[in-house]
Amino acid sequence: MARFTAADGLSLHYTDTVEHEGGDGPPVLCLAGLTRNSGDFRFLLPFLAGYRVIRMDYRGRGQSDVPDDPASYSVPQEAQDAIALLDHLDVAKATILGTSRGGLIAMLLAATTPERLNGAILNDIGPELATGGLDRIKEYVGRRPEFHSYDEAAEGLAAVNAVQFPGVTLARWRMHAENIWAEQPGDKLILRYDPRLRDALKDLDTAASPDLWPFFDALAAMPLTVLRGGNSDLLSANLFARMQARAPSMRARVVPDRGHVPFLDEAASLDGILNHLKEYA
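Right, let's walk through the structure included here. Keep in mind the model is a prediction, meaning the values are calculated, not measured.

**Focus on the side chain of T99**
Then, in step 1: If you trace the backbone, T99 turns up in strand β5 (residues 94–99).
Then, in step 2: Classification of T99 by relative accessible area gives buried; the value is 2%.
Then, in step 3: Apart from residues lying up to four places away in sequence, T99 is in contact with L31, A32, G33, D40, F41, N123, V261 and L264.

This is how it looks when you write it as structure tokens:
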């Protein structure tokens with residue numbers, strides 16, 4: 001199990017295809033969503049043969065250690081951790097593939113350490129967060145699910161996501177459940193992240209958060225592709241259009257029949273990701 005030590009001494013887990021699968025091409029650093037972990041990219045991974053794919057479990061998620069103080073669940077700290085991982089691996093520059101929270105980290109890195117980025121691909125995130133999506137996230141973060149098995153969870157996920165993710169199979173929802181929750185014999189599923197992560201939601205409070213447009217501008221000065229789930233409630237169509245107007249060179253892809261967030265193996269997602277990497281990585 002590959003691990004590195006963050007600046008504050010916390011041990012964090014990562015995977016690197018150069019160590020495990022021989023993928024020693026251009027480096028792609030995959031940064032997951034707020035409550036997600038490195039398994040979040042399992043659906044995309046088979047399509048990235050030939051690239052060096054680096055995936056990190058943020059502090060308190062997946063197989064990484066849990067900090068004593070939940071105040072370290074912040075975008076600046078997690079951005080610092082991402083740079084520490086690149087340093088650990090002697091990777092000078094990488095393309096960032098950032099899902100949701102990972103995209104916010106990419107924006108901050110572009111503004112603070114642009115020399116470490118070789119462009120970015122954002123998955124359903126922008127410099128503003130739609131209130132509806134943010135409220136939905138606040139409802140579930142830190143709450144243990146009511147499901148007792150992955151099969152039960154698949155049924156529940158399919159039902160609650162039927163409008164934003166029409167047509168997604170139970171098998172896919174079961175795999176997604178395996179990524180975010182763990183089975184516990186005779187009891188309900190448990191979270192694969194520290195429930196105190198709900199304290200990090202203050203970072204996502206649009207009333208308190210800083211203006212992120214300058215950070216987006218820093219990222220837009222680099223090669224940039226942005227994916228938007230066609231049914232997303234966090235990255236609105238209006239904001240997506242404003243991002244394109246502000247960054248004319250940005251490559252924009254809408255992923256049909258997906259909310260927040262696309263799984264990344266959809267045709268539109270792959271078109272955006274693979275074309276970006278082919279040209280810029």
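We are not done yet, so read on.
**Side note on the pairing of strand β10 (residues 251–255)**
Then, in step 1: Looking at chain direction, strand β9 (residues 224–229) and β10 are connected through five bridges and run parallel. Note on β10: the bridge partner recorded for L227 is R253.
Then, in step 2: What joins β9 to β10 is helix α8 (residues 237–246), and the crossover it makes is right-handed.

**Some details on the pattern of salt bridges**
When the charged atoms of two side chains with opposite charge come close together, those side chains can pair.
Then, in step 1: Overall, the coordinates contain 22 salt bridges when judged by the stated rule.
Then, in step 2: We note a salt bridge from R59 to D8, for which the minimum N-O separation is 2.8 Å. Of this pair, R59 sits in the loop between β4 (52–56) and α2 (75–88) while D8 sits in the loop between β1 (3–5) and β2 (11–16); the two residues are 51 residues apart in sequence, bridging distant segments of the chain.
Then, in step 3: D8 gets classed as partly exposed once you look at its relative accessible area, which sits at 45%.
Then, in step 4: Among the ionic pairs, R52 bridges to D16, the shortest N-O distance being 2.7 Å. Within this pair, whereas R52 is found in strand β4, its partner D16 is found in strand β2, the two being separated by 36 residues in sequence. For the pair formed by R52 and D16, the shared burial category is buried.
Then, in step 5: Shared partners join several salt bridges into a network, and the residues in it are R42, D151, R174 and E178.

**As for the side chain of R228**
Then, in step 1: Within the secondary structure, R228 sits in strand β9.
Then, in step 2: Buried and unpaired, R228 has no salt bridge, with D124 as the nearest side chain of opposite charge at 5.2 Å.
Then, in step 3: In contact with R228, not counting residues within four places along its chain, are D124, L235, S236, A237, F240, R253, V254 and V255.

**Focus on the sheet that holds β5**
Then, in step 1: The strand order across the open sheet formed by eight strands is β1-β2-β4-β3-β5-β6-β9-β10, and the pairing between neighbours is mixed. Taken across any chain shown, the strands that pair with only one partner, and hence form the sheet edges, are β1 and β10. Neighbour to neighbour, the strand axes of the sheet diverge by 25° on average, direction disregarded.
Then, in step 2: Where β5 and strand β6 (residues 117–123) come together, five bridges link them in parallel fashion. Bridging across to β6, A94 finds its partner in L117.

**Description of helix α4 (residues 131–140)**
Then, in step 1: Listing the buried residues of α4 in full gives G133, L134 and I137. Down the axis of α4, the smallest arc covering the buried residues is 100°, so these residues share one side.
Then, in step 2: Just downstream of α4 lies G142, where phi reads positive at about 85°.

**Details of the packing of α2 against helix α3 (residues 101–112)**
Then, in step 1: The N-to-C vectors of α2 and α3 enclose an angle of 75°; their axes lie 9 Å apart at closest approach. Our classification of the angle between α2 and α3 gives roughly perpendicular. Here V75, P76, E78, A79, A82 and I83 of α2 lie close against α3, whose contacting residues are R101, L104, I105, L108 and L109.
Then, in step 2: For the contact of α2 with α3, the per-class residue count stands at nine nonpolar, no polar and two charged.

Scoring rules and cut-offs
- Residues numbered from 1 in each chain as written.
- Predicted model: local features only at pLDDT ≥ 70, side-chain atom pairs only at ≥ 80, totals over all residues.
- Heavy atoms only, no water.
- Helix = DSSP H or I, 4+ residues; strand = E, 2+ residues; numbered from the N terminus.
- Buried < 20%, exposed > 50% of the residue type's maximum accessible area, 1.4 Å probe, protein only.
- Contact = heavy atoms within 4.5 Å.
- Pairing = 2+ DSSP bridges.
- Right-handed = clockwise from strand over helix to strand, strands pointing away.
- Salt bridge = Lys/Arg side-chain N within 4 Å of Asp/Glu carboxyl O.
- Lys, Arg positive; Asp, Glu negative; His and termini not counted.
- Axes fitted to C-alpha atoms, helices over the stretch in contact; angles between N-to-C directions.
- Arc of directions from axis to C-beta.
- Parallel < 35°, antiparallel > 145°, perpendicular 65-115°, else oblique.
- Nonpolar A, V, L, I, M, F, W, Y, C, P; charged D, E, K, R; others polar.

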